[in-house]
Amino acid sequence: MTTRIYHNERMLPPEKRVYLERPRVKKLLENAVKSPYVAVIAGTGYGKTQAVYSFLQEYDAPTAWIQLSERDNSPMRFWESFSRTMELYNRHMAARMRELGFPGTDDRFAEVVTIPEDELAPGEKHVLVFDDFHLLEDGPVLGFMKRAAQVPFPNITMILISRTNPDINLVGLLSKGLIVHIHEDELRFTEDETARYFQHIGIPLSAQSLADIYSDTGGWAFALYLVGLSLKKSPARQRGARTAMKLNVFSMIENEVFLAVSERLRRFLIRLSLIEHLSTDLVATLAGDGTLVSEMGKISAFIRYDIYLNAYHIHHLFLDYLRQKQDILTEEEKRGVYLEAARWCEKNDYTADAVAYYHKAGEYEAVVRVTRCLPMQIPSEQARFLLSVYDSGPTDLLEQIPAYHYQRSRLLISVGRYEDAAAELQDRVSKYSALPDSDFNRQILCGAYVELGVVGYLTLPDTDRCDFDVFMEKAAEYYRPDSYFAPTGISLSAWASKVGAARPGAMEEYIEALSRAIPHASGILGGYMSGLDDLARGELQFYKGNLKSAGAFAEQALRKAAARGQYEVQNRSLFYLLRIAVAQGNFEKILELFKALEPQLENDEYALRFTSYDIICGWYYALLGQPRLVPVWLKGEFSRESIGAFIAGFGSFVKTKFYYADKRYYELLSFIDSGRGTDSILFGKLEMKVLEAVCHSRLKESEAALASLKEAYGLALSNDLVMPFIEAGKDMRTLTAAAMRDRRHEIPRQWLEMVNRKAATYAKRLTGVVAEYKKMNNINDDVRLSARETEVLSDLYHGLSRAEIAASRNLSVNTVKMVLSTIYAKLNADSIASVIRTALERKLIP
């Protein structure tokens, strides 16, 4: 996949362009791009790409072009390049997409599709082209494109260029008016356009010759080009043009193009056909000198230079022809090309292609090197792709490259195959422990014990076994400073704790195990886990309601994590300090903490910086009662794919806060009831049970509310956890007061009184924070609607559409939209449902 961006300038100087301007086709495309989807479908050589390419050079919209290949059927490779393409529109948007990973489910797609709406300027048109779309086969990537067809990206028109009808329910999209189809017959040259084309390239034709050529070519653009090429060489061959046309197309390419260049260039072009990234620096490296690149300019109709991408693009027909000749290359020549391409891809962060090319070159140490630079928790789609490469390598690799063992285990862990990983690791330990001591065996045993420790750490919520530190200690016995381990950052969910059991002492056991493990893990993995034990201590103290102690531990964790590059630990430490500041009503401290978070956004080494920042902002705005300001992607449906995923688990936790702030109680209860909101950790289970209780309370479902409160109390009792109850504020005050009146639930009155009192204090301090926030941002709670706004709101309440409101009030639809936008802003709402609900609460509807 390659990409390019236009800035409303000519891509090539006029003298280099041989394409004939066709106003008829340009008009077709001009009308088509008003639709969210355009499908340009025609066979080989009908000028699909050139027609779109020529039109977009003059079209007034930022445009990105994605050249697909067969290898884009890999979700990892596709998403790596797709998110890189989005960087051309908006860097922050691209980073968020990259962090969320390939959207392989409806839920995950719903998160991704909202990001452009959040990031791109409202009303600004963007165009995204997918060339050679027919190369996508039935699979996850085509599934993504089907979803994008049904739910288009806001502000983005997608143009699909394909040789065959794309499998995206084309008929259904046409019937809904979501797509415009430009087909083969519309792209054929008319007889008049054929005549103008030959005039354009300076070849005079008799009327009979023109009629013959048109009859034989049927307006096929590529055939016309080849006939023109032949006649340019020998104008006297007009009579033989028909015969020449009837020859095999590849034969014509060979005779008219390939054999017309030097032997050196022919071999060079065949070498280029092995790879897809044809950047100018990579092409120059493969060429070895400037003469080949210079000679390549003679066939510019088949190899186009893109000044914005700074790369070459080979016409697909010529590329197919060249690929048929790859057998003439020696294995050493092929390996050399793959190696140079792999190095370029690695240098430019095309991880999937770097791994694929190193694999083809047989450079498995380089495959391991690229893999080791990835985060400890590799996204599942990416891990599946890499695992397929590891599994397809020679069987003796495990005996040659010690790091190969370690990285393969990481990949198994990343796809959730913990039992498989543990079984392989134990086998490895048994085998190499029995062998004579050597540096090679020590490296393998060190890596095996590290990964056994990671498996133990990640599965602790389900196993309730705190033995991961034993494995880390054992790994340290075999560690050598010159080993293959790279500095690694730990990935966290919403909690530092991994404890799932509610038994007394479980939390303390976990923290003690962390403290024992960290010196070994940090020493081997360049800082791994640094500060996590202090963060876990602070977290436990926070949940116990000991805010002063919690703050001290969080500050200590922050310092340790910053010193060893543990960005997730830093981020969560700041999050707990923020929760503490809100509980204390300290607005100045809140502002100071948000400023402390901002430098993380500039740190390219922190891969999840934008997503983590969005999540923390989402929590804060939901708490303030400003759901409209919560990042768009956190307002979508809960993702089933989020279960067990670290950053997605953090996002789901905050998403529950948004749903509650937005009063979407039934949807929230459904999510909690499904069991998807707990992620097996005790703190998560407690948070969800408290939220369930106050949801029922808000819905006046007293029995259910008290039952959930009793369950939450049971989860909290053995470890004296109180903060989730306190953070529920006035809603918990109301619920505990009701519980004190109803003695059937068996919750101690003393505990209820304590929680009631502390929740009331929290609510009071939160009110002060909200007041300070509104004062700073000039938010006035005294909402006044104009007469027109009141009329439109009333019509909306009575079920009228925007068009019906416009007709009944003698307004334009755009005016109605503007009025509604003002109402949304005044009521701090982001949907019709929340507008109506808020308006009814404030008695604004007559």
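Draft legend 1. Seen up close, the packing of helix α35 (residues 665–673) against helix α36 (residues 682–698). Interaxial distance between α35 and α36 falls to 10 Å at its minimum, and their mutual angle equals 145°. Viewed along their axes, α35 and α36 form a crossing whose handedness is left-handed. In this structure, α35 uses Tyr665, Leu668, Leu669 and Ile672 to contact α36, whose residues at the interface are Met688, Leu691, Glu692, Cys695, His696 and Arg698. In terms of residue class, the contact of α35 with α36 is made up of seven nonpolar, one polar and two charged.

Draft legend 2. How the structure looks around the pattern of salt bridges. Under the definition given, this model contains 54 salt bridges. Of the charged contacts in the structure, one is a salt bridge between Glu424 and Arg408, with a shortest N-O distance of 2.6 Å. Of this pair, Glu424 sits in helix α25 (residues 418–433) while Arg408 sits in helix α24 (residues 402–414), and the two are 16 residues apart along the sequence. Residue classification places Glu424 among the partly exposed positions, given a relative accessible area of 25%. Under the relative-accessibility criterion, Arg408 is labelled buried at 12%. The shortest N-O distance in the salt bridge between Glu687 and Lys657 comes to 3.6 Å. Placement of Glu687 in helix α36 and of Lys657 in helix α34 (residues 646–661) is noted, with a sequence separation of 30 residues between them. The class for Glu687 is buried, based on a relative accessible area of 3%.

Draft legend 3. Up close: the packing of aromatic side chains. Scanning all chains against the criterion turns up 42 aromatic pairs. The interplanar angle of 25° and the centroid separation of 4.5 Å between the aromatic rings of Tyr390 and Tyr404 together place this pair among those described as stacked. Taken together, the positions of Tyr390 in helix α22 (residues 380–391) and Tyr404 in helix α24 put the pair 14 residues apart, joining distant regions of the chain. Pair check on accessibility: Tyr390 and Tyr404 agree, each one buried. Between the aromatic rings of Phe575 and Trp619, the centroid separation amounts to 5.3 Å while the plane-to-plane angle is 85°, which identifies the pairing as edge-to-face. Of this pair, Phe575 sits in helix α31 (residues 567–584) while Trp619 sits in helix α33 (residues 609–623), placing them 44 residues apart in sequence.

Draft legend 4. How the structure looks around the environment of Arg98. The residue Arg98 is located in helix α4 (residues 91–100) in this model. Among the residues examined, Arg98 registers a relative accessible area of 37% and is labelled partly exposed. Considered as a pair, Arg98 and Phe82 are 16 residues apart in the sequence and their alpha carbons are 8.8 Å apart. Beyond its immediate stretch of four places on either side in the chain, Arg98 contacts Trp79, Ser83, Arg84 and Glu87. Within the local environment of Arg98, its side chain forms a polar contact with the side chain of Glu87, the two groups lying 3.2 Å apart.

Draft legend 5. How the structure looks around the side chain of Arg271. Here Arg271 shows up in helix α15 (residues 263–272). Notably, Arg271 is buried but unbridged: the nearest opposite-charge side chain belongs to Glu333, and the N-O separation is 5.1 Å. In this structure, Arg271 is in contact with Leu286, Leu329, Glu333 and Val337, ignoring residues within four places of it in sequence.

Draft legend 6. A look at helix α43 (residues 813–826). For α43, with 14 residues, the first-to-last C-alpha span of 20 Å sits near the 20 Å given by 1.5 Å per residue. When α43 is considered as a whole, its buried residues turn out to be Val816, Val819, Leu820, Ile823 and Tyr824. For α43, the angular spread of the buried residues around the axis is 145°, confining them to a single face. α43 presents Asn814 and Met818 as exposed residues on the side facing more than 90 degrees away from its buried surface.

Each value, and the rule that gives it
Residues numbered from 1 in each chain as written. Predicted model: local features only at pLDDT ≥ 70, side-chain atom pairs only at ≥ 80, totals over all residues. Heavy atoms only, no water. Axes fitted to C-alpha atoms, helices over the stretch in contact; angles between N-to-C directions. Helix = DSSP H or I, 4+ residues; strand = E, 2+ residues; numbered from the N terminus. Left-handed = near helix turned anticlockwise from the far one by under 90°. Contact = heavy atoms within 4.5 Å. Nonpolar A, V, L, I, M, F, W, Y, C, P; charged D, E, K, R; others polar. Salt bridge = Lys/Arg side-chain N within 4 Å of Asp/Glu carboxyl O. Buried < 20%, exposed > 50% of the residue type's maximum accessible area, 1.4 Å probe, protein only. Phe/Tyr/Trp six-rings, centres within 6.5 Å; stacked < 30°, edge-to-face > 60°. Polar contact = N/O pair within 3.5 Å; in protein donor to acceptor, adjacent residues only side chain to side chain. Lys, Arg positive; Asp, Glu negative; His and termini not counted. Expected span 1.5 Å × (residues − 1). Arc of directions from axis to C-beta.

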